[in-house]
Amino acid sequence: MANKFNSGDSRTRSSVSIFIVAGLCCFFYLLGAWQRSGFGKGDSIALEMVKSGENCNILSNLNFETHHGGEAGVIDESDSKVTVYKPCHPRYADYTPCQDQKRAMTFPRENMIYRERHCPSQEQKLHCLIPAPKGYVTPFPWPKSRDYVPYANAPYKSLTVEKAIQNWIQYEGNVFRFPGGGTQFPQGADKYIDQLASVIPIENGTVRTALDTGCGVASWGAYLWKRNVIAMSFAPRDSHEAQVQFALERGVPAVIGVLGTIKMPYPSRAFDMAHCSRCLIPWGVNDGLYMKEVDRVLRPGGYWVLSGPPINWKTNYKAWQRPMEELQEEQRKIEEVAKLLCWEKKSENGEIAIWQKSMDIDSCRAAQENAAAAFCKYEDADDVWYKKMEPCITRNNNANSGEASGDLKPFPKRLYAIPPRIASGSISGVSVEAYQEDNKQWKKHVNAYRKINKIIDSGRYRNIMDMNAGLGGFAAALQSPKMWVMNVVPTIAQKNTLGVIYERGLIGIYHDWCEAFSTYPRTYDLIHANGVFSLYKDKCDFEDILLEMDRILRPEGAVIFRDEVDVLVKVKKMIGGMRWDSKMMDHEDGPLVPEKILVAVKQYWVGNSTSAQ
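- An unreviewed UniProt entry annotates the protein as Methyltransferase originating from Handroanthus impetiginosus.
- If you open the UniProt record of the protein and go to Sequence similarities (unreviewed entry), you find "Belongs to the methyltransferase superfamily."

Structure follows, in C-alpha cells:
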C-alpha cells in the first residue's frame, strides 16, 4: 500500500512539475511577444485619454516599464540621480518666453520691434514646469472645437467686450463660442470665403496653403479647413489677450508672429494665397517692404487678398474715421508696389481687393528692370532666421526648372507627387528615389506608431508637431481631416527642406530648438521628436529642449521620441523628473536596430498642485 501511495505522489508531483514548466513557457512566450510588439500599458493610457473631462486622475497609477533595462546602454552611476522639476508659480501659466510682455516693453516700438522675438538668456530661463490653469480640461474634438473652447483653458473675457459687435467671440456659461464672424465678415467666414472663391480657385485643390497675417482668432483659417485649404495664421501677442491661444485651442494652425523688421520664418514660394483682413499692417510704407516680403513667400500664380482699409476708401472713409486724403494715398502706394511686383488686380468688390502674382517670370523681370526696381543681393531666399527684411524684390533663380512656374499637382495629389524642388535638383543630396524611399519609410514608422497608440486617428490629437520634419514624410503619412501637423525644420538641419514640405501641400516653420517656440503653453496634443536630441547634443542642453516640450504640450498629451538608444536613455532619465510617464520600445524592425522609440505621456496637473492629480 505504501508503494502505491508513493507511486501516486510521484505521478502527481510529475504532473504538477510539467504543468508549472508549461505555464512558465507560455508566460515567457507571451511576455516576449508583448516586448517585441511594443504593446502594453502605453495603449491603456492612450485609450483612457479619450475619456476627457474634469476627472483627469487616469494617470496616477501608470507605470511604463522599459524593456531595455540593462541592454539599452551603459548609464554612468555617478550621474544616476534624477533631477525633479518643480512647478513654476501659477502666474506663469501662459508664459511665452520669447514674447514675454515685460521684456518686450524694453525694446523700441517703431516698426513693431518690441513685438518680435526677444528670447531670455540662459541665466533668465525658467527651469520649472509651466502649470495649467485650475479647471483645465481636454479641448473638444474637431470640428466642435472650431466653435467652442472651454473657458477654463483660456480664461480671458476681454475680447468678448472689445470685439462684441464684430461677432468674433461670445462667452456662454463655461465655454467661449466662436460664431465665425470677424471685423470684415459680419455675415460669417463662410460667406466671406464664398466671395473669395468667386475669383480664386479655392475648391479644386489648386489653392492649398494659405498665409493669414494678423489673424485674430483665426476664423478665416478655421473655415477654410473644410475646403481642404490649410492656413498658417499668425498675430502678435498684443493687448487683445490670447488671440493666437484661442486659435490653437480651436484646433487651427497658428503661431505668435508679426511683420516688423525680421523676415517671416517661411521659405520662398511657399503659399498659394496670402490674406489680410483689416490686419492693421501698413502695406505701403518703407517702399512696400511688407508687400515685398509677402511676394517672397507667395508662389508664382498665387493670390494676395486685402480687405478693409484702404480698399473702397471713397465709400468708407467716414465710417473708418480717417481722412480721405490719407486713405487715398495709402491705396495709391499699395497699387504702385503691386504693379512693381507684377501682381495683377483680379477683383475689387466692396472692401475686398484680390491680386494675382504673375506666372511669367521673364517678362515680369524685364518690366521690373525697366522700372529700376531694387533686387535683393542675397543668393538664398530661404535663409531667413533672424535676418532683416530689405525693401528689395526677391529674385526667382529657378524660373526654368518648373519650380517657379507653379508646376504643382492639385491637392491631394500634391501630397505624394514629386515636389518641384526635388525634381529640379534644388535640394542637394535628395534625389527622386531618395524622396520616394523616405515616404516608404515614414509610412512604415507611422503604422508602427498607430499600433503603439491606437487613438492617433481617433480625433483625440488635433494639433501635432514634428520637431525635425525632414521631407514631411511623418505628416504626409498621418494626413487626415481630423488633424494637422506643424512641420518644424531646425535652423541647424543638414538640409533645408521646408520648401519641399510646402510643395507637398503641408505647412511648417523654421525654428532653433535652443530657443522657445512662438506659441502659448499647452497648444499641442502630440509631439514627434525624430533625431532631435542627436541633432542638438552639442548645441544646447537637453533640459532646455525638454522643458520647452513640456511647456507646449497639453496635459495628457503624448510624445514620440525616435533616436539612438544611448540618447534616449538619457532623455528617459530626465523626463522621469518632469511628471511624464514613459516606456521605451524596440525599433519596428527588431531589437538589433540601435535606433529605439520612447513614448511618453504628460501627467495631468494644474497650478497649485504639489503632486500629480
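Still more ground to cover, so stick around.
1. Focus on the overall build of the protein
Thinking step 1. Counting its secondary structure elements, the protein contains 19 helices and 17 strands.
Thinking step 2. The buried share of the protein, taken over its 613 residues, is 56%.
Thinking step 3. Surface exposure of the protein reaches about 26500 Å², of which carbon and sulfur atoms provide 52%.

2. Brief notes about the state of the cysteines
Thinking step 1. Applying the stated criterion across every chain yields a total of 6 disulfides.
Thinking step 2. A sulfur-sulfur separation of 2.0 Å characterises the disulfide bridge that pairs Cys 88 with Cys 128. Between Cys 88 and Cys 128 the disulfide shows an S-S torsion of about 100 degrees. By sign, it is right-handed. One end of the pair, Cys 88, is in the loop between α2 (41–49) and α3 (101–104); the other, Cys 128, is in the loop between α3 and α4 (144–147), with 40 residues separating them in the sequence.

3. Points about the sheet that holds strand β13 (residues 507–511)
Thinking step 1. Spatial ordering of the open sheet is given by β13-β12-β11-β14-β15-β17-β16, a layout of 7 strands whose pairing is mixed. Each edge of the open sheet is held by one strand with a lone partner, namely β13 and β16 (580–586). Across the sheet, the axes of successive neighbouring strands diverge by a mean angle of 20 degrees, strand direction being ignored.
Thinking step 2. Note: strand β12 (residues 484–490) against β13, 5 bridges, orientation parallel.

4. Focus on the nonpolar core
Thinking step 1. Counting 140 residues, the largest nonpolar core has Tyr 266, Trp 283, Met 549 and Phe 561 as its most contacted members.
Thinking step 2. In terms of residue count, the dominant contributor to this core is helix α19 (residues 565–575) (7 residues).
Thinking step 3. Built from parts of two domains, this core gets at least three residues from each of domain 1 (183–371) and domain 2 (413–602).
Thinking step 4. Not counting chain neighbours up to four residues away, the residues in contact with Met 549 comprise Met 467, Ile 527, Ala 529, Phe 533, Val 559, Phe 561 and Trp 580.

5. Regarding the sheet that holds strand β2 (residues 170–172)
Thinking step 1. The 3 strands lie next to each other as β1-β3-β2, forming an open sheet whose pairing is antiparallel. What marks the edges here is a single partner per strand, and that holds for β1 (148–150) and β2. Ignoring strand direction, the axes of neighbouring strands in this sheet form an average angle of 30 degrees.
Thinking step 2. Judged from the 3 bridges that link them, β1 and strand β3 (residues 175–177) form a sheet pairing that is antiparallel. The partner of Val 149 across the bridge, within β3, is Phe 176.

6. Considering the side chain of Asp 544
Thinking step 1. As for its position among the elements, Asp 544 is in helix α18 (residues 542–552).
Thinking step 2. Of the residues examined, Asp 544 reaches a relative accessible area of 9% and is grouped as buried.
Thinking step 3. Those residues in contact with Asp 544 that lie beyond four places of it in its chain are Gln 122, Lys 125 and His 127.

7. As for helix α10 (residues 313–320)
Thinking step 1. Along α10, the residues classified as buried are Trp 313, Asn 316 and Trp 320. With its buried residues spanning 90 degrees around the axis, α10 presents them on a single face. Away from its buried face by more than 90 degrees, α10 exposes Lys 314, Thr 315 and Lys 318.
Thinking step 2. Against the buried residues of α10 lie α11 (324–340).
Thinking step 3. Downstream of α10 by a residue or two, Gln 321 has a phi angle that is positive, lying close to 55 degrees.

8. A word on the environment of Gln 368
Thinking step 1. Along the polypeptide, Gln 368 turns up in helix α12 (residues 361–370).
Thinking step 2. Gln 368 sits 25 residues away from Ile 393 along the chain, and the two C-alpha atoms are 9.1 Å apart.
Thinking step 3. Excluding residues that lie within four positions of it along the chain, Gln 368 makes contacts with Leu 340, Leu 341, Cys 342, Ala 373, Phe 375 and Ile 393.

9. Quick notes on the environment of Met 359
Thinking step 1. Here Met 359 shows up in the loop between β10 (352–357) and α12.
Thinking step 2. Each C-alpha atom of the pair Met 359 and Trp 343 lies 9.6 Å from the other, and the pair is 16 residues apart in sequence.

10. What to know about the packing of α18 against α19
Thinking step 1. Closest axis-to-axis distance for the α18/α19 pair is 11 Å, and the angle between their directions is 60 degrees. The orientation of α18 with respect to α19, classified from their angle, is oblique. The two elements α18 and α19 meet at a crossing, and its hand is right-handed. Contacts between α18 and α19 involve Phe 542, Glu 543 and Leu 546 from the first element and Val 567, Lys 570, Val 571, Met 574 and Ile 575 from the second.
Thinking step 2. Tallied by class, the residues present in the contact of α18 with α19 amount to 6 nonpolar, no polar and 2 charged.

11. Overview of the layout of surface pockets
Thinking step 1. In this structure, the second largest pocket spans a volume of roughly 640 Å³.
Thinking step 2. Forming the walls of the second largest pocket are 26 residues, and the residues nearest its centre are Asp 438, Trp 442, Asn 468, Gly 470 and Asn 530.
Thinking step 3. Mapped by element, the contributors of at least two residues to the lining of the second largest pocket are α14 (432–452), α15 (473–478) and β12.

12. What to know about the environment of Met 273
Thinking step 1. If you trace the backbone, Met 273 turns up in strand β7 (residues 271–277).
Thinking step 2. C-alpha of Met 273 to C-alpha of Gly 301: the two residues are 28 residues apart in sequence and 9.1 Å apart in space.
Thinking step 3. With residues near it in sequence (within four places) discarded, Met 273 still touches Ile 200, Ile 202, Val 207, Thr 209, Ala 210, Leu 211, Trp 220, Leu 224, Leu 298, Tyr 303 and Val 305.

13. A closer look at unusual backbone geometry
As a rule of thumb, non-glycine residues mostly have phi less than zero, and peptide bonds are mostly trans rather than cis.
Thinking step 1. Following Trp 142, the chain continues into Pro 143 via a peptide bond in cis, with omega recorded as 10 degrees.
Thinking step 2. Within the secondary structure, Pro 143 sits in the loop between α3 and α4.
Thinking step 3. With an omega of 15 degrees, the peptide bond running from Phe 411 to Pro 412 counts as cis.
Thinking step 4. Looking at the element boundaries, Pro 412 is found in the loop between α12 and α13 (420–423).
Thinking step 5. A positive phi angle is found at Arg 579, which is not glycine, with a value near 60 degrees.
Thinking step 6. Tracing the chain through its elements places Arg 579 in the loop between α19 and β16.

14. Points about the packing of α10 against α11
For any two helices packed against each other, one specifies the inter-axial angle together with the distance between the axes.
Thinking step 1. The N-to-C vectors of α10 and α11 enclose an angle of 130 degrees; their axes lie 9 Å apart at closest approach. With respect to α11, the element α10 is oriented oblique. Note on packing geometry: the crossing formed by α10 with α11 is right-handed. Contact residues: α10 offers Trp 313, Tyr 317 and Trp 320, while α11 offers Met 324, Leu 327, Gln 328 and Gln 331.

About the thresholds
Residues numbered from 1 in each chain as written. Predicted model: local features only at pLDDT ≥ 70, side-chain atom pairs only at ≥ 80, totals over all residues. Heavy atoms only, no water. UniProt positions renumbered as here; feature names shortened; annotations may be inferred. Helix = DSSP H or I, 4+ residues; strand = E, 2+ residues; numbered from the N terminus. Buried < 20%, exposed > 50% of the residue type's maximum accessible area, 1.4 Å probe, protein only. Areas by Shrake-Rupley, 256 points an atom, 1.4 Å probe, with all protein chains shown as cover. Disulfide = S-S within 2.5 Å. Pairing = 2+ DSSP bridges. Axes fitted to C-alpha atoms, helices over the stretch in contact; angles between N-to-C directions. Core = buried A, V, L, I, M, F, W, Y, C linked by side-chain atoms within 4.5 Å. Domains from an automatic or database assignment. Contact = heavy atoms within 4.5 Å. Arc of directions from axis to C-beta. Parallel < 35°, antiparallel > 145°, perpendicular 65-115°, else oblique. Left-handed = near helix turned anticlockwise from the far one by under 90°. Nonpolar A, V, L, I, M, F, W, Y, C, P; charged D, E, K, R; others polar. 1 Å grid on protein atoms, 1.4 Å probe; cavity = no way out; pocket = protein on both sides within 12 Å on 5 of 7 lines; lining within 4 Å. Points joined across faces, edges and corners; volume = space filled by probe spheres on them.

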